[in-house]
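# Descriptive analysis of the structure
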Amino acid sequence: MAKKNSTVFVCNECGYESPKWLGKCPACGEWNSFFEEKVVGSTSSSSKDKSKPKAEIIKLNEVEKKETYRLKTGVEELDRVLGGGFVQGSLTLLGGEPGIGKSTLILQICDNVKVDGKILYVSGEESAEQIKIRADRLGIKNDNVLFLAETDIDNVDIAIEKSGAKFVIIDSVQTMYSEDITSAPGSVSQVREITARIMKMCKQTGITTIIIGHVTKDGNIAGPRVLEHMVDTVLYLEGERYFSYRILRGVKNRFGSTNEIGMFEMQSEGLVEIKNPSELLISERDGNPAGSVIVVSLEGTRALILEMQALATQTVFGMPRRNANGIDYNRLTLLMAVLEKRAGMNFSSQDVYINLVGGIKVNEPALDLGIIIAAASSFKNVSIKEDVVVIGEVGLTGEVRSVNMIEKRIKEAEKLGYKTCIIPESNKKLLKEKFKLDIIGVKNIIDAMKYLGLK
Ligand code: TYD
Ligand code: MG
């Protein structure tokens, strides 16, 4: 244990503490993420206050569930990720890279959220005028939205109490500071203290609160990951810098499932919900060039139709290159090895590039067969028919293994007008529903390749 007022080194990525500086964090594996911080006694958990109310032990069966349980946000994609809206009195962390659209999304929520009382937007980043310009641009008309530009958490606390707000937004946690902590705003101990203070306030008063946290590579600022364990719900807004799509992902949810995603597009009037992402993601597909195949990924309860592209070209240097965009690099090298060994295709002198179109990252085994087929198609220069969808996990012996929720995936393909669906044989046997499209069951990659004219 570190002594009081001595210093410790804290990982800014995950909050791991060490008495000495370390180059690599043993907990999260991040390099060069340790920064020195003073150890001070936490004020949030002080037991000095004897007059504070004590919790009583009650029977779980007798706990009454309140009527107004969830606050609908008016943004359907967000409501779905949350499992039906913000739970009243909950604390939510919204993380994401700077400029990705966190403040925009939250401001849009302010317009429509069904909260019985005032909404207070506390910003440590922008002035009232800046927020007003944005609010006008987004067409925010809600009269109940209050604004406060403040960074001192003591003042924020007082202001929240005075305003009587029932919905509070703190933008961002890294700009707030507490005078009780000597380290700079944005350091691990500051953001933890701020979050602990907000959590206490939020639980005692039943105010629904959202904290915004920046994900940055700047070593002096603690990432939102160090706060994940403290809050009820963790959402991340993700997206590629050069794409306008944004994905809202639930990473932790004490009141619902976490595997849902919401999709948005950043437009001039703010984030617009994408209700039919599959159509959009494949809308730019041009004919059926070799190396392109349609796959179906499952994000939460929603099936997404995606285009998998591969390019196999002659290696110029001795070492063949593998490049994976949107899928896991190691998965790609593994699948290339399977293709070489089981299908006898010689990729040792081929560079292979894989791209999942649309700037979406997916880590799902059901895309394996798609990667194999796309690579083989590019290698052989044989194109796959436009109306074919490929689904299946591939094992090391080249067998095609079953995937979950197959019917949902097929249904999405059917909805978008695909004619043929190649799926694992083991899945096909268990299909209960009838589909209009042709369903081809394959046992291994050779079966699939033969069917598609690649073998
Ligand atoms: P912002 O919400 O400020 O990001 P964050 O709070 O995550 O740092 O979003 C900033 C970006 O969004 C900025 O680059 C401009 C863009 N944007 C639009 O394209 N349209 C809009 O209507 C708004 C408000 C922002
Ligand atoms: Mg912002």
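Calculation criteria
Residues numbered from 1 in each chain as written. Chains lettered and ligands numbered in written order. Predicted model: local features only at pLDDT ≥ 70, side-chain atom pairs only at ≥ 80, totals over all residues. Heavy atoms only, no water. Near = heavy atom within 4 Å. Polar contact = N/O pair within 3.5 Å; in protein donor to acceptor, adjacent residues only side chain to side chain. Helix = DSSP H or I, 4+ residues; strand = E, 2+ residues; numbered from the N terminus. Domains from an automatic or database assignment. Contact = heavy atoms within 4.5 Å. Buried area = accessible area lost by both parts, 1.4 Å probe. Salt bridge = Lys/Arg side-chain N within 4 Å of Asp/Glu carboxyl O. Pairing = 2+ DSSP bridges. Axes fitted to C-alpha atoms, helices over the stretch in contact; angles between N-to-C directions.

### Brief notes about the site of ligand 1
Near ligand 1 you find 17 residues, and of these Gly99, Lys102, Ser103, Thr104 and Gln267 are the closest. Within the backbone of Gly99, a nitrogen or oxygen atom sits 2.7 Å from an oxygen atom of ligand 1. One nitrogen or oxygen atom from the main chain of Gly270 is found 2.8 Å from an oxygen atom belonging to ligand 1. Broken down by secondary-structure element, the contributors of at least two residues to the shell around ligand 1 are helix 2 (102-112), helix 3 (128-138) and strand 13 (261-267).

### Some details on the domain arrangement of the protein chain
Many authors give the size of an interface as the accessible area that is lost as the parts come together. The assigned domain composition of the protein chain is domain 1 (3-44), domain 2 (68-275) and domain 3 (280-451). Distance from the C-alpha centre of domain 2 to the C-alpha centre of domain 3: 38 Å. Each side of the interface is counted separately: domain 2 has 14 residues, and domain 3 has eleven residues. Summed over both sides, the interface between domain 2 and domain 3 buries roughly 1100 Å², with carbon and sulfur atoms accounting for 51% of that surface. Here domain 2 and domain 3 share two salt bridges between them.

### Some words on the side chain of Ser172
On the secondary structure map, Ser172 appears in the loop between strand 9 (167-171) and helix 5 (188-205). A polar atom in the side chain of Ser172 sits 2.9 Å from the side chain of Glu125. Dropping the residues within four chain positions of it, Ser172 is found in contact with Gly124, Glu125, Ile212 and His214.

### Regarding the sheet that holds strand 19 (residues 388-390)
Here seven strands make up an open sheet; going across it, the order is 17-18-16-15-19-22-23 and the pairing mixed. The strands lining the two open edges of the sheet, one partner per strand, are strand 17 (322-325) and strand 23 (438-442). The average angle at which neighbouring strand axes cross in this sheet is 25 degrees, direction not considered. Here seven bridges tie strand 16 (residues 302-314) to strand 18 (residues 350-356), and the two strands are oriented antiparallel to one another. Pairing of Met308 across the sheet is with Leu356, part of strand 18. Packing against the sheet, helix 8 (residues 368-380) makes contact with strand 15 (292-299), strand 16, strand 18, strand 19, strand 22 (420-424) and strand 23, and its axis sits at approximately 35 degrees to strand 16.

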